[in-house]
Amino acid sequence: MTITARRQAQRPARRPAPRLATVLDIARVEARLLVRSGLVLAGLVAGGVVIWLFIHPVEPLWWNVAWEIGEGQLVLAMAVLVAAQLAAGRASRDGLADLYASFPASAGTRALGQLAGLAGAIPASLVLIGASAGAVELIGAIGTPAITVLAGGLLLVIAAGAAGIAIGTRFAHPLAGVLGALALFGISSQSGRFSGAVIWLLPWEFHQDDLGFIPGPLTGYPPAGAHATELAAFAVLAAIVALAVTVRAVRARAGLATAGIAAVALIGLAGAVQLRPIPTAALNHLVTESANPASAQRCTTASQVRYCLYPGFGSLLPSWQAPVNGVLAHVPARPGHTLTVSQVGTTSLDSTLTHGHPKRQVARWDAELGRAPAIVRPGSAIYLPVGSWPAFGGQLADARFNLALAAADWATGIPITSSNGPECVPFDQAREAIAIWLAILAAHPRASELQAGLPAHGIGAGPDIHGTIVPIWNFRGAVAGQVDPFGSIPLTTEAGYLLAHAMTSLPEQKVANVLKDGWSRWINVRTTDAQLAAALGIPMPKVPVPPTALVRRLIANQGPNIEVCGSG
Amino acid sequence: MTASAWRHRLAWIRALPLLARHVVRTMPWVTLISGCLAGLAFLAIMARVADTSHSPLTQGTVRVAFLPAVAALAFVVRAPFRPLSQVTPVPAWVTPASHLLLAAPALAATCWAQLLIMARTIPPALGRPPASYPLAAQLAGWCAVAVAAAACADRSRYADLGGAVAVPVTFAAIALTWYAPVTARFLVDPPATAHGVTIAWYAVAAAALALTGAAMRDQWHRYARALLRHGSRG
C-alpha cells in the first residue's frame, strides 16, 4: 500500500455538506449572478424609463405614482423571470444534467438555493423604487407614498423570479422563460379589457384605474394589502412547484403538496378580498368632495382672483398664479365679476369604483356628480381637473399659456366656456387678438410652438360662419393642463392669432396705450380685427382663403353648429 | 471569374435536394410552433374577454399576441456545429436560411389566424376592421429585426444564447420605434400614414434581412480573448 493510499484509508469518510450551508452557498452565488445579470440591469433601466414615461407628464400624486412605479417593476419582473429561468434551466440546457447529478447537492437543494438567490433581484427593485421616489419628490409630489403599494411591486419581482425558476426546472429552453415574461406583460397590458374589481387580480393593472383623477387617497383603492398578499402567495406557490419538480422523497412531496394547497387557498382569499366593494363611506366622501367642492377645497383670494384647491394641492398655487397675474398686469380694466380658478374632482364613477354596490346607489352618486358646479355652470370659473397639471417642461409652458388665455378671455369678455350649448368662435372680434396677445405676454410660450398651430400648407379649415369658412388656429399644446376639460372653450381664429402675433412685434407700451385709451370699445363684440389693426398702425394680416371645392367639402362635413361668441 | 470557376463554386446547389431532409429534421419546429400557439392562445382568451366586455379586439392586441411568434423566430436562426459545417462544401448559411424559409409559412398562417380572430370580435355594426396591410408590414419588420439580431448574436461569443440575447434586443428595438418621437413619425400610424408605415416597415425588413445575410455568410471564428492569448503564445 502506498503512503497516499494509507493516508486515504486513515482519513474519516467525508460527510456530506450540511444542507443549509449548501443552500446558502448556492444562494450567494446565484444572487451575485442575478445582481450582475445584464438582463436584470437592462430590465432595471427599461423599468425606470417606463416609470418616467408614466409619471412625468403631470404633477405626481403619490396615491397614483406608487401604483405607476409598480408598472415599471413589472418590466423588471419580466427581466428577472427570464434570467431566473435561464439560471434554473442551466444544467439541462447545456447537456450537463448527468454531471450536476454527480454533485453532492441534489436537484432539490439547488432549486432551493436558486429560490433563495432571488434575493439578488431585491437590490434592483429597491433601486427602482428609490430612484423613482427621489425623482417624484424632486418634481414635487402631492401626498405621501403608500408602503404597501410599493412593497407590492417588490413582491411582483420576487414572484416573477420564482415563476421563472419553476418554469426553468421543467422547461430548459430559453423560449419558455420568454413566453412566461410575455404572458406577464400580455395579461397586464390588456387590463383595459377587464372591468370592475377584476383588474386587481391581474399581476399589475395598467391604465384602467381612476387613481390619477381622484383628489386624495381612497380607502381600498387599490386593495394594496390584499394584492401584495396575492403576489406573495403566488411566489410561494411558484417556489413549491419548482421544488416539487426536483424533489424525489415522498414525504417532502407530501409536505410541498400541503404547502401548495395552503398557498392556493391564500391566493383565493386575497382575490376575494380584492373583489370586495369599496366602502360606501369612502365613496360617499369622494362623491361629496367632487360634487360639492366648496365642502373640501381651500380657497385663496389673491389680486381679486379666487383659487380653490383640494387639500394637499397648495404647491400648485404659484404655478397657477403666475400666468393669471401676468394677464391681469396688462389689463387696463377688469370685469365686474370675480374670476375663479378651481380644481375639478371626479366627474363620473366607473365600475372599478362602484363594483359591488347596488344600481340605485350608483345612480344616486351619478346624479350627485351631475350637479357639480363644473358640469352645471362650466362658464362660472376656469376649471382644472385633478391630476392634469404638468409638472415641468414644455407641457407646463403650454398649460400656463392655456390658463393665461382662459384668464385673458375672461378679462376681455369672451365666454370662458359655453354653458350647455355649442362652442363659439370670436369671429372678426378685436378682443380675441387682444386675449391672445395678453396670454403671450403672460406665459411667454415658444414662438415655434405658436407658429405650429397655423395650417401646414397655408390654407386652414374651420367652422362655417354664415357661409364663410373661418380658418382656425390650432395651438398644438391646447390639451396641456386640460384647461378645457369639457371641450367647450371658444375656438381661436387664424386671423386673431396672426394679428396678436403682429402686435407682439410692436413696442409693448404702444399697444398698452392704444388698449387703455379705448378699452371698453376694444372688448366690444362689434369691434373688428381691422379696426384694432388700424388703431395700432399695422396692416391686417392676410388669411389665405380655402379654395371653393374645399369650402364645399368642409361645409358638407360640418359637425354641430358653431356660433359667433357673444358677451361673456 | 471564369465559367468553370463559377460552376465549381455553385456545385453545392446540386446537394440541396439531399439536404432537404436534414433541414426539415433539424428545424426547431417545437420552438416555432410553441411561440405561434402561445400567441394564438393568448388572443383566443382575449377574444373571449372581448365578447363578455363588448370591447372588440384591436390591432394593438394582435401586435402583443404576435410577440411570442417573433420571440420563437429568434431561436430558429441558430446554426449548430457551425465550425464543422463551415468546412463542408455546402455553405454554412444554407441550413439556417432554409429554416427561415420553412418558418415563413408558419408565421404567415399565425398572422392570418390572429387577424381572423380579431375580425370575429368586431360586430358588423362597427363596419369592417382596419386595413391589415400596414400591420402585416410591421409584423414582417419585427420578424426581420429578430432574425437579424439572432444572426448577429449567433456570430458572437454568445452564440449559445443567441435567441435569448436577440429577443430582448428585438423587443427593445420595437419599444424604441414605438415610443421614440423620431422613429414614431415614420413607423407608427398615426402620426404616419398607413401607406408610409407600410413602406417604412418593409424598408426596415429589407435592411434587416441584408444584415442577416451578411451575418450568416460571415466565416470568422470568434474565441474568447483569453483563448486567443493562449493561442498566440503557443
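Below, the structure is looked at part by part. This one's a predicted model, so the numbers in the text were calculated from it and none came from an experiment.

## Side note on the nonpolar core
The biggest cluster of nonpolar side chains holds 235 residues, and the ones touching the most others in it are A:A162, A:A439 and B:L73. Once you skip the residues sitting within four places of it in the chain, A:A439 turns out to touch A:V327, A:F401, A:A404, A:L405 and A:A408.

## Digging into the interface of chain A and chain B
If you look at the interface, chain A gives 16 residues, while chain B gives 23 residues. Among the secondary structure elements, those contributing two or more residues to the side of chain A that touches chain B are α3 (38–55) and α10 (174–189) of chain A. Among the elements that take part in the side of chain A that touches chain B, α10(A) stands out by supplying 7 residues, more than any other. Class assignment for the residues of the side of chain A that touches chain B results in 10 nonpolar, 5 polar and 1 charged.

## Considering the sheet that holds strand β4 (residues 382–385) of chain A
All names here are of chain A. Read from one edge of the open sheet, 4 strands run β1-β2-β3-β4, paired in mixed fashion. Strand pairing shows two members of the sheet lacking a second neighbour, β1 (298–302) and β4, which therefore form its edges. The mean angle between the axes of side-by-side strands here comes to 20 degrees, regardless of whether they run parallel or antiparallel. When strand β3 (residues 339–344) meets β4, the two strands line up parallel, connected through 4 bridges. By the bridge assignment for β4, V344 is matched with P385. Most of the contacts of helix α14 (residues 317–328) go to strand β2 (residues 305–309), to which it runs at about 155 degrees, and overall it touches β1, β2 and β3.

## Things to note about the pairing of β3(A)
As a general feature of sheets, a regular strand has side chains that alternate between the two faces. Residue and element names in this part refer to chain A. With 5 of 6 residues buried, β3 is to be regarded as a mostly interior element. Here β2 runs beside β3; their pairing, made up of 4 bridges, is parallel. Paired with V305 across the two strands is L339, which belongs to β3. Traced from β2 through α14 to β3, the parallel crossover comes out left-handed.

## What about helix α6 (residues 94–120) of chain B?
Residue and element names in this part refer to chain B. The end-to-end C-alpha distance of α6, which contains 27 residues, comes to 40 Å, matching closely the 39 Å that a straight helix rising 1.5 Å per residue would cover. Most pronounced at A103, the bend in α6 amounts to some 25 degrees, and the proline P105 follows within four residues. Residues of α6 that are buried: V94, T95, P96, H99, L100, A103, L107, T110, C111, Q114, L115 and M118. Turning to α6, the residues buried within the fold contact α2 (16–26), α3 (29–53), α4 (59–73), α5 (82–85), α7 (133–154) and α10 (194–217).

Calculation notes
- Residues numbered from 1 in each chain as written.
- Chains lettered and ligands numbered in written order.
- Predicted model: local features only at pLDDT ≥ 70, side-chain atom pairs only at ≥ 80, totals over all residues.
- Core = buried A, V, L, I, M, F, W, Y, C linked by C-beta atoms within 7 Å.
- Buried ≥ 20, exposed ≤ 12 C-beta atoms within 10 Å, placed from the backbone.
- Contact = placed C-beta atoms within 7 Å.
- Helix = DSSP H or I, 4+ residues; strand = E, 2+ residues; numbered from the N terminus.
- Nonpolar A, V, L, I, M, F, W, Y, C, P; charged D, E, K, R; others polar.
- Pairing = 2+ DSSP bridges.
- Axes fitted to C-alpha atoms, helices over the stretch in contact; angles between N-to-C directions.
- Right-handed = clockwise from strand over helix to strand, strands pointing away.
- Expected span 1.5 Å × (residues − 1).
- Bend = angle between axes of the 7 residues up to and from the residue.

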